[in-house]
Number of protein chains: 2
Amino acid sequence: MAAQRSRRRIPEATVARLPVYLRMLGEQFEIGVANISSEELAELAGVNAAKVRKDLSYLGSYGTRGVGYDVEFLVYQIRRELGLTHDWPVVIVGAGNLGQALAGYNGFGDRGFPVGGIVDIDDSKVGSVVGGVRVRHLDEIKQVVQARNISIGVIATPGAAAQDAADSLVAAGVTSILNFTPTVINVPHGISVGKVDLAVELQILAYHEQRRANAAQGSVVRSLSGLSIPGESRRGASA
Amino acid sequence: MAAQRSRRRIPEATVARLPVYLRMLGEQFEIGVANISSEELAELAGVNAAKVRKDLSYLGSYGTRGVGYDVEFLVYQIRRELGLTHDWPVVIVGAGNLGQALAGYNGFGDRGFPVGGIVDIDDSKVGSVVGGVRVRHLDEIKQVVQARNISIGVIATPGAAAQDAADSLVAAGVTSILNFTPTVINVPHGISVGKVDLAVELQILAYHEQRRANAAQGSVVRSLSGLSIPGESRRGASA
DNA sequence: AAACGTTTGTGCATGTTTTCACAAAGCCTG
DNA sequence: CAGGCTTTGTGAAAACATGCACAAACGTTT
Ligand SMILES: NC(=O)c1ccc[n+]([C@@H]2O[C@H](COP(=O)([O-])OP(=O)(O)OC[C@H]3O[C@@H](n4cnc5c(N)ncnc54)[C@H](O)[C@@H]3O)[C@@H](O)[C@H]2O)c1
Ligand SMILES: NC(=O)c1ccc[n+]([C@@H]2O[C@H](COP(=O)([O-])OP(=O)(O)OC[C@H]3O[C@@H](n4cnc5c(N)ncnc54)[C@H](O)[C@@H]3O)[C@@H](O)[C@H]2O)c1
């Protein structure tokens with residue numbers, strides 16, 4: 001069979017779930033599971049089985065009716081679709097607490113995203129080695145990016161420097177950015193930006209906590225035993 | 001005016017954006033801006049103005065037509081809605097690299113989520129002080145949680161211990177969990193779970209990078225100057 | 001106090017995502 | 001090789017989210 005052409009666009013919601021399936025499938029493969037049903041995979045990933053099937057159907061018809069999916073083959077197909085057939089080295093901007101923690105974290109490189117470089121603006125940080133990589137000066141970012149043909153950048157500077165960092169990354173040729181600061185950054189059209197904001201996640205949880213508290217107060221009489229709070233977060237389970 | 005009752009449920013997508021508006025409004029208030037239009041706030045938050053207005057309309061009719069929104073009042077209303085009128089101390093499970101980085105990070109407490117406790121299973125970690133808090137043993141988690149009436153827990157253990165950590169948190173009385181491990185955890189009904197998974201974010205970016213690469217390859221002749229790649233990530237901008 | 005320019009709040013159309021439900025397709029057993 | 005059992009793949013419905021467009025409301029100016 002010929003390798004599939006770039007098929008119809010995959011819904012963003014599906015793209016966000018494929019990495020989860022991929023991880024679960026990888027774990028199952030490790031422990032010797034050769035075949036898996038949508039029901040089983042759904043259970044592992046904490047989602048609905050129909051969703052799993054629809055998600056996987058965007059990759060093609062890779063299941064066998066009455067049987068399920070071949071784990072190894074599915075892992076290969078998802079990796080191919082996500083573009084994980086080769087490594088994507090990343091450059092980290094900001095070698096502070098977070099930058100160093102990320103650089104030293106193996107789960108990064110293990111998943112195909114080795115740290116290809118770290119830069120900082122502070123001369124006292126430049127030259128030190130974190131996670132086996134020497135910190136270079138921000139001015140050298142272009143060389144760092146081009147030397148390893150890096151296309152993904154991670155921003156771990158203080159929030160106030162985030163836009164600067166983004167501009168530097170884009171100027172250096174990076175086309176995807178993962179922003180760990182709480183600052184909203186502006187980038188030219190065609191650059192992808194992902195954001196991880198701790199405070200936002202906690203505030204979402206606080207909202208649900210508060211609703212729970214209010215609900216409990218409003219139903220002092222009714223709630224005897226089974227607490228049945230709506231609780232359901234954007235991502236993640238709530239069994 | 002009497003304090004509003006727990007009004008109609010706010011859409012989850014809106015709940016996820018309110019913290020962003022809140023941060024932007026806080027910054028504007030700091031620099032002396034007393035009033036703001038949906039257009040201006042939208043620009044700052046990197047979203048569409050109509051969306052801002054609809055989102056804010058769930059809180060009530062707090063704007064003034066022809067004028068905009070009173071920044072201070074809006075900050076108060078969003079904080080009230082999100083349940084940020086008081087602090088929510090959190091307990092961190094796992095005092096490794098990440099746990100320590102989080103505990104030492106001020107942007108945590110600054111936003112109303114002080115670290116109320118840290119626990120670890122490793123005796124060599126217990127007793128050490130990180131971020132001004134003494135690490136206690138996992139066995140004492142219930143005391144830690146109840147002493148400060150904590151309802152939010154953060155999991156920063158290795159993935160293999162995540163379910164254990166979740167079980168311990170729930171047993172101790174925590175009702176919301178933020179999970180930093182790549183493991184999918186199961187919790188009883190009524191417990192909210194948020195998830196932050198670095199690898200997932202990077203893999204989503206890789207998908208877009210790969211599409212970009214494929215698209216470029218497919219249009220070698222056409223793409224002369226203006227790169228007009230679809231690029232748009234789930235969360236975050238792509239101006 | 002009317003006319004004007006501005007900006008909100010929201011009805012409605014459109015787009016996206018989830019869920020249901022079932023025919024089609026495969027294995028296995030007898 | 002037919003019948004039964006299982007599980008996929010996918011239309012179609014429902015639920016959710018976004019964006020447009022405009023009437024209603026407000027402040028200001030004349
Ligand atoms: N530490 C955490 O646990 C944590 C958690 C979540 C989010 N964050 C966010 O991550 C970011 C970094 O946090 P941190 O604790 O590592 O801060 P930090 O102050 O320890 O590190 C920031 C680093 O960025 C460098 N820097 C400043 N301006 C720069 C520029 N223009 N270009 C390159 N480097 C520059 C500084 O020299 C410093 O080394 C912050 O925005 C913070 O809000 C941190
Ligand atoms: N370090 C990073 O930058 C980073 C980034 C993203 C995600 N993560 C994830 O965060 C988690 C922690 O990473 P880390 O680098 O801090 O690991 P780590 O090994 O440094 O720390 C884990 C800590 O958890 C403790 N622990 C183990 N089992 C426990 C249990 N049952 N109860 C309580 N504590 C227990 C260990 O004693 C250790 O102190 C991992 O799942 C990792 O995938 C880490």
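All figures in this text were calculated on a predicted structure; none of them were measured in a lab.

**Here we look at the sheet that holds strand β1 (residues 35-36) of chain B**
For sheets, the rule is that strands pair by backbone hydrogen bonds, running either parallel or antiparallel. Residues and elements named next belong to chain B. Spatial ordering of the open sheet is given by β1-β3-β2, a layout of three strands whose pairing is antiparallel. Every other strand in the sheet has two partners, leaving β1 and β2 (63-64) as the edge strands with one partner each. Of the pairings in the sheet, the one linking β2 to strand β3 (residues 68-70) comprises two bridges and is antiparallel in character. Pairing of Thr 64 across the sheet is with Gly 68, part of β3.

**Things to note about the protein's contact with DNA strand D**
Around DNA strand D sit 26 residues in total, of which A:Ser38, A:Gly63, A:Tyr69, B:Lys54 and B:Arg65 are the nearest. Protein-adjacent atoms of DNA strand D, using a 4 Å cutoff, are sugar or phosphate at a proportion of 66%. A:Ser38 is positioned with one of its side-chain polar atoms (N or O) 2.6 Å from a phosphate oxygen of DNA strand D. A distance of 2.9 Å separates a phosphate oxygen of DNA strand D from a polar atom in the side chain of B:Arg17. Elements with a minimum of two residues in the surface near DNA strand D: α3 (49-57), β2 (63-64) and β3 (68-70) of chain A together with α1 (12-30) and α3 (49-57) of chain B. No other element matches α3(B), which puts four residues into the surface near DNA strand D. Considering only residue class, the surface near DNA strand D consists of seven nonpolar, eleven polar and eight charged.

**Regarding the site of ligand 1**
Around ligand 1, the structure places 23 residues, and the nearest of them are A:Leu98, A:Asp120, A:Lys125, A:Thr157 and B:Tyr105. Near ligand 1, the surrounding residues belong to chains A and B. Contact between ligand 1 and A:Leu98: an oxygen atom at 2.7 Å from a main-chain N or O atom of the residue. Taking A:Thr157, its main chain carries an N or O atom lying 2.8 Å from an oxygen atom of ligand 1. Out of a free accessible area of 830 Å², ligand 1 has 84% covered by protein chains. Broken down by secondary-structure element, the contributors of at least two residues to the shell around ligand 1 are α5 (97-104) of chain A together with α5 (97-104) of chain B.

**Concerning the protein's contact with DNA strand C**
Neighbouring residues of DNA strand C: 26 residues in total, closest A:Arg17, A:Arg65, B:Ser38, B:Gly66 and B:Tyr69. For DNA strand C, the fraction of atoms within 4 Å of the protein that belong to sugar or phosphate moieties is 66%. One of the side-chain N or O atoms of A:Arg17 is found 2.7 Å from a phosphate oxygen in DNA strand C. A distance of 2.9 Å is found between a sugar or linking oxygen of DNA strand C and a side-chain nitrogen or oxygen belonging to B:Arg65. In terms of residue count, α3(A) provides more of the surface near DNA strand C than any other element does, four residues in total. Taken together, the residues of the surface near DNA strand C sort by class into seven nonpolar, ten polar and nine charged.

What counts and what doesn't
- Residues numbered from 1 in each chain as written.
- Chains lettered and ligands numbered in written order.
- Predicted model: local features only at pLDDT ≥ 70, side-chain atom pairs only at ≥ 80, totals over all residues.
- Heavy atoms only, no water.
- Pairing = 2+ DSSP bridges.
- Helix = DSSP H or I, 4+ residues; strand = E, 2+ residues; numbered from the N terminus.
- Near = heavy atom within 4 Å.
- Polar contact = N/O pair within 3.5 Å; in protein donor to acceptor, adjacent residues only side chain to side chain.
- Nonpolar A, V, L, I, M, F, W, Y, C, P; charged D, E, K, R; others polar.
- Areas by Shrake-Rupley, 256 points an atom, 1.4 Å probe, with all protein chains shown as cover.

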